[in-house]
Amino acid sequence: MTPAELKAASRLGADAFTGLVSRVEQVHQTVAGRAFGQFRQTGAAARLVHDAVTRGTYGAVRGAGAAAGAVGGQAAVIFGSGGRPADSGRAGHLALAALNAIAGDRLGAGKAPLAIRMAVRAGGRDVTIDSAALAAEFPDATPRLAVFVHGLAETEDSWRRRDGGSGGYGRRLAGELGYTPVYIRYSTGRHVSDNGQDLARLLDSLVAAWPEQVDELLLVGHSMGGLVIRSACHYGQQAAAAWVERVRHVFYLGSPHLGAPIARAAGYAGWVLSRAAETRPFVTMVNGTSPGIKDLRHGYLLVDDWAGCDTDSCPRDHRTDAPLLAGANHYAISATITADPAAALGAVAGDLLVQPASAHGRRGHLQQIAFAAESGRRLGGLHHFDLLDHPAVWAAMHGLLRRDVAAAE
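Residues numbered from 1 in each chain as written. Predicted model: local features only at pLDDT ≥ 70, side-chain atom pairs only at ≥ 80, totals over all residues. Heavy atoms only, no water.

Caption draft 1: Region of interest: the environment of isoleucine 333. Secondary-structure assignment places isoleucine 333 in strand E7 (residues 329-336). Between the C-alpha atom of isoleucine 333 and that of arginine 378, which follows or precedes it by 45 residues, the distance is 5.9 Å. Those residues in contact with isoleucine 333 that lie beyond four places of it in its chain are Phe251, Tyr252, Leu253, Gly254, Arg377, Leu379, Leu387, Ala396, Met397 and Leu400. (Helix = DSSP H or I, 4+ residues; strand = E, 2+ residues; numbered from the N terminus. Contact = heavy atoms within 4.5 Å.)

Caption draft 2: Representation of the packing of aromatic side chains. Across all of its chains, the model carries six aromatic pairs by this definition. Measuring from centroid to centroid gives 5.0 Å for phenylalanine 148 and tyrosine 183, while their planes differ by 20°, and the two rings are stacked. Here the residue phenylalanine 148 occupies a position in strand E3 (residues 144-149), and tyrosine 183 occupies one in strand E4 (residues 180-185), the gap between them amounting to 35 residues. Exposure remark for phenylalanine 148: the relative accessible area of 1% places this residue in the buried category. When the centroid spacing of 4.4 Å and the interplanar angle of 25° are considered together, the rings of phenylalanine 251 and tyrosine 331 count as stacked. Linking phenylalanine 251 in strand E6 (residues 247-253) with tyrosine 331 in strand E7, this pair joins segments that are 80 residues apart in sequence. The ring centre of tyrosine 179 lies 4.3 Å from the NZ or CZ of arginine 144, which sits over that ring. (Phe/Tyr/Trp six-rings, centres within 6.5 Å; stacked < 30°, edge-to-face > 60°. Buried < 20%, exposed > 50% of the residue type's maximum accessible area, 1.4 Å probe, protein only. Lys NZ or Arg CZ within 6 Å of the ring centre and 35° of its normal.)

Caption draft 3: Up close: unusual backbone geometry. Residue serine 223 is not a glycine yet carries a positive backbone phi of 55°. Its location among the elements puts serine 223 in the loop between strand E5 (216-222) and helix H7 (224-238). You can call serine 223 buried: its relative accessible area is 8%. Phi is positive for alanine 240, which is not a glycine, with a value near 55°. Along the polypeptide, alanine 240 turns up in the loop between H7 and E6. What makes alanine 240 exposed here is its relative accessible area of 65%.

Caption draft 4: Local environment of the pairing of E4. The element E4 is largely enclosed, with a buried count of five among its six residues. With three bridges joining them, strand E1 (residues 119-122) and E4 adopt antiparallel strand pairing. Looking at E4, one finds that arginine 121 is bridged to tyrosine 183. (Pairing = 2+ DSSP bridges.)

Caption draft 5: Structural detail: the nonpolar core. Counting 51 residues, the largest nonpolar core has Val147, Val182, Ile184, Leu199, Trp210 and Trp243 as its most contacted members. Residues Ala146, Val220, Ile333 and Ala396 belong to the second largest nonpolar core, which totals 25 residues. (Core = buried A, V, L, I, M, F, W, Y, C linked by side-chain atoms within 4.5 Å.)

Caption draft 6: Spatial organisation of the sheet that holds strand E2 (residues 125-127). Strand order in this open sheet of eight strands is E2-E1-E4-E3-E5-E6-E7-E10, and the pairing throughout is mixed. Every interior strand has two partners, whereas the edge strands, E2 and strand E10 (376-380), have only one. Sheet twist, expressed as the average angle between the axes of neighbouring strands with direction ignored, equals 30°. Across three bridges, E1 lies against E2 in antiparallel orientation. The residue of E2 that forms the bridge with arginine 121 is aspartate 126. Sitting on the sheet, helix H5 (residues 168-177) is in contact with E3, E4, E5 and E6, with an inclination near 165° to E3. On the sheet, H7 packs against E3, E5 and E6 and is oriented at approximately 140° with respect to E5. (Axes fitted to C-alpha atoms, helices over the stretch in contact; angles between N-to-C directions.)

Caption draft 7: Spatial organisation of H5. Taken together, the buried positions of H5 are occupied by Gly168, Tyr169, Gly170, Leu173 and Leu177. Of the surrounding elements, those touching the buried residues of H5 are E3, E4, E5, E6 and helix H14 (391-408). The positive-phi residue at the C-terminal boundary of H5 is glycine 178, with phi of around 80°.

Caption draft 8: Local environment of the pairing of E7. The buried fraction of E7 amounts to seven of the eight residues, a majority that puts the element mostly inside the structure. In this structure, E6 lies alongside E7, joined through five bridges in parallel fashion. Note that in E7 the partner of valine 250 across the bridge is histidine 330.

Caption draft 9: Spotlight on the pattern of salt bridges. Taken as a whole and assessed by the stated rule, the structure comprises eleven salt bridges. Taking the shortest distance from any N to any O, the salt bridge between glutamate 216 and arginine 144 comes out at 3.4 Å. Taken together, the residues span a long stretch of sequence, with glutamate 216 in strand E5 and arginine 144 in strand E3 at a distance of 72 residues. (Salt bridge = Lys/Arg side-chain N within 4 Å of Asp/Glu carboxyl O.)

Honestly, that's just the spatial picture; any functional story needs more than this.
What follows is the structure, given as structure tokens:
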């Protein structure tokens, strides 16, 4: 890590420590309040002494943690001048992605060196969105772009997780159908709606600066990435962005359009903890600490879905209707761990993280999101991360594209 990254990490660790101390103090004060409440006036003097001592003690512990973080940060600056950037290797990429998934909304001033910003990625680095930089990075640019948007705690490398020489879906789309693959990286701990708005702006700039006149966009999202794409299409359409009219195909690979059960379970657990004063300080430790994770409970895409709602204490679904982008073909592909995707266990367990019903926008017998039945594929014997790079998934994608391209000719 570079000195700036080490300093930011020290600050983040100190904040986490002082936050934990504050939670313990809140529980202590609540329990003490109940105990002293039994004695009322006779215990008033003891309560004053107790409160003064505990405030001083907890304050000293917090101060020690903050001081340790500051000292550690300064030591990093002095002794860590030769460090490589944290994202200079694959392991570093994954570590930063995980950190941003958990705390992406808290990596502001003082911790910015650890924050991932949304960017086109190539060769392990961000690509500047201007004509010269794009022409240099994509010398074989075509008028057809395939844009890949990863899921929670993932990176652009996740699309090549098998690394068996095939190059993943991007290389196959390039070799067989003439698309230029473009990979996006972003902080998955931020609200889906924030990332959706950023993606809409990035696509606008990308299409305007692309070395060739862009005729067609194909968008591919895995898990949360599919929600970010839907959000971007909504906000891009609102802004009358030129790129929106060029979107022809959108693939959603295991995207929780109606939410993910694990995220919902954590949200309900947090709601239960919020009912009692003694456990309320630990709500955020149970139900997910970042807005991005909380959005996965019900598949939130838009600011209106979560604005005005205390996501730590409200378990209800406030998702608003966000129609699929008109004029594009939308394909929902799901997986189940069972070999037979129609098996009862497969419907419940899904791919271990997302259930098929959510991936296909269905709730019970109702089709809540307008995916055409003939444009969906349910694959058996796969887990959630297989959807990133698997021959069966590519066969489904290729078949759907070939069918719709032939129908359009």
